Amino acid sequence: MANRGPSYGLSREVQQKIDRQYDPELEQVLVRWILAQCGGDGGGAVAQPAPGRDGFQQWLKDGTVRPPGPAGAGGDGAARLTPRPLPQVLCRLINSLHPRGQAPVAKIQASSMAFKQMEQISQFLQAAERYGIAATDIFQTVDLWEGKNMACVQRTLMNLGSLAVAKGDGLFVGDPNWFPKKSQENRRVFSEDKLKEGQSVIGLQMGTNRGASQAGMTGYGMPRQIL
């Protein structure tokens, strides 16, 4: 969870309103895409995160998962071991969307140090903006690190997936139907003659003077006749 104390009063109400925007179904889609996208980047398989917003946040910010224990430990094959840090998931994701040799994050480290993890989140955000994500669609580092706005994190990843599908460069891995389709530019080219023809046409917004008549109208300044 976040490394901060609880909020009270108006701050708590605002935070609860933000938390309600989190979409568990979108979380499942994003997890499936990230696992598929990072599975073939040469860095080894990405571990499955714990379900829920807190597990999703922990997985994205530092890649921490609880490793399986040896057989027979605890009776069910699972041991109570300390979670281990794995290579940063977001940096692997953005690197997998680039050709080999052009990865925007040159060095991905598995570190449990807070400033190292925040630095790599910042590197992902910078790389996502260079990839084509609008600055207004990118979450802030604190949104993920402290879990302040995980819904914004989801929107950034959703836009990243949509953009990866729209690029059509063959680097996207997964089902394109997981993400909404982005609109494509449809440039029109008109000749000079066609443009001149358009200048002589009265648009519908300008109205029409067909059938206009002043029949029955009184002249200016004359009193109105009431019978």
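Here, the structure is the one placed above.
What you see is a predicted model, and the numbers here were worked out from it, not measured in a lab.

## Quick notes on the overall build of the chain
A count of helices and strands for the chain gives 8 helices and 0 strands. From first element to last, N terminus to C terminus, the chain shows the α and β order α-α-α-α-α-α-α-α. Within the span of the chain, comprising 227 residues, buried residues form 33% of the whole. Sequence-distant contacts in the chain: of pairs separated by 6 or more residues, those separated by 24 or more amount to 57%. Entry remark: accessible area of the chain is about 15200 Å², with carbon and sulfur atoms responsible for 52%.

## A word on the environment of Asn177
Turning to its location among the elements, Asn177 is positioned in the loop between α7 (150–167) and α8 (192–199). In this structure, the C-alpha to C-alpha distance between Asn177 and Val165, residues 12 residues apart in sequence, is 9.2 Å.

## Quick look at the packing of aromatic side chains
Scanning all chains against the criterion turns up 5 aromatic pairs. When the centroid spacing of 6.2 Å and the interplanar angle of 40° are considered together, the rings of Phe56 and Trp59 count as tilted. Linking Phe56 with Trp59, this pair stays in helix α3 (residues 53–62), spanning 3 residues, or about one helical turn. Here the two residues Phe56 and Trp59 agree in accessibility, since each one is buried. Between Phe172 and Phe179, the aromatic rings sit 6.2 Å apart at their centres with planes inclined by 80°, giving edge-to-face as the arrangement. Both residues of the pair, Phe172 and Phe179, belong to the buried class. Residue placement shows Arg53 over the ring face of Tyr22; its charged tip is 6.0 Å from the ring centre. The ring of Tyr131 has Lys167 lying over it, and the distance from NZ or CZ to the ring centre is 4.7 Å.

## Remarks on the environment of Leu97
Along the polypeptide, Leu97 turns up in the loop between α4 (89–96) and α5 (114–131). Each C-alpha atom, one on Leu97 and one on Asp169, is 9.1 Å from the other, the two residues being 72 residues apart in sequence. Among residues more than four places away in sequence, those in contact with Leu97 are Trp33, Gln37, Tyr131, Leu160, Ala164, Asp169 and Leu171.

## Some words on α7
With 18 residues, α7 should cover 26 Å at 1.5 Å per step; its first-to-last C-alpha distance of 26 Å lies within 8% of that length. In terms of residue burial, α7 counts as a mostly covered element, since 13 of its 18 residues are buried. Downstream of α7 by a residue or two, Gly168 has a phi angle that is positive, lying close to 60°.

## A closer look at the packing of helix α2 (residues 24–38) against α4
Helices that pack against each other are described as a pair by the angle of their axes relative to one another and the distance between those axes. Viewed as axis vectors pointing N to C, α2 and α4 meet at an angle of 65°, and their least axial separation amounts to 9 Å. As α2 packs across α4, the resulting crossing turns out to be left-handed. Counted together, Trp33, Ile34, Gln37 and Cys38 of α2 and Val89, Arg92, Leu93 and Ser96 of α4 form the full contact between these two elements. Looking at the contact of α2 with α4, its residues break down into 5 nonpolar, 2 polar and 1 charged.

## Re the nonpolar core
Core analysis: the largest hydrophobic core is formed by 38 residues, its most contacted members being Ile34, Phe56, Leu60, Phe124, Phe139, Leu157 and Leu160. Counting residues per element, the ones that place at least two in this core are α2, α3, α4, α5, α6 (141–145) and α7. At 7 residues, the largest contribution of residues to this core is made by α7. If near-sequence neighbours (up to four positions away) are discounted, Ile34 is found in contact with Trp59, Leu60, Val89, Leu93 and Leu157.

## Structural notes on the packing of α4 against α5
Their axes nearest at 9 Å, the elements α4 and α5 cross at an angle of 25°. Of the possible angle classes, the one that applies to α4 and α5 is roughly parallel. Read as a crossing pair, α4 and α5 show a hand that is left-handed. In this structure, α4 contributes Leu90, Cys91 and Ile94 to the contact, and α5 contributes Gln120, Phe124, Ala127, Ala128 and Tyr131. Partitioned by chemical class, the residues of the contact of α4 with α5 number 7 nonpolar, 1 polar and no charged.

## Some words on the pattern of salt bridges
With the rule as written, the count across this model stands at 2 salt bridges. Between Glu146 and Lys148 there is a salt bridge, with the nearest N and O atoms lying 3.7 Å from each other. Between Glu197 and Lys194 there is a salt bridge whose closest N-O contact spans 3.8 Å. You can see Glu197 and its partner Lys194 sitting in helix α8, 3 residues apart, about one turn around the helix. Using a relative accessible area of 45% as the deciding quantity, one classes Lys194 as partly exposed.

Reading guide: rules and limits
- Residues numbered from 1 in each chain as written.
- Predicted model: local features only at pLDDT ≥ 70, side-chain atom pairs only at ≥ 80, totals over all residues.
- Heavy atoms only, no water.
- Helix = DSSP H or I, 4+ residues; strand = E, 2+ residues; numbered from the N terminus.
- Buried < 20%, exposed > 50% of the residue type's maximum accessible area, 1.4 Å probe, protein only.
- Contact = heavy atoms within 4.5 Å.
- Areas by Shrake-Rupley, 256 points an atom, 1.4 Å probe, with all protein chains shown as cover.
- Phe/Tyr/Trp six-rings, centres within 6.5 Å; stacked < 30°, edge-to-face > 60°.
- Lys NZ or Arg CZ within 6 Å of the ring centre and 35° of its normal.
- Expected span 1.5 Å × (residues − 1).
- Axes fitted to C-alpha atoms, helices over the stretch in contact; angles between N-to-C directions.
- Left-handed = near helix turned anticlockwise from the far one by under 90°.
- Nonpolar A, V, L, I, M, F, W, Y, C, P; charged D, E, K, R; others polar.
- Core = buried A, V, L, I, M, F, W, Y, C linked by side-chain atoms within 4.5 Å.
- Parallel < 35°, antiparallel > 145°, perpendicular 65-115°, else oblique.
- Salt bridge = Lys/Arg side-chain N within 4 Å of Asp/Glu carboxyl O.

Note that all results are geometric; they support no functional claim without further evidence.
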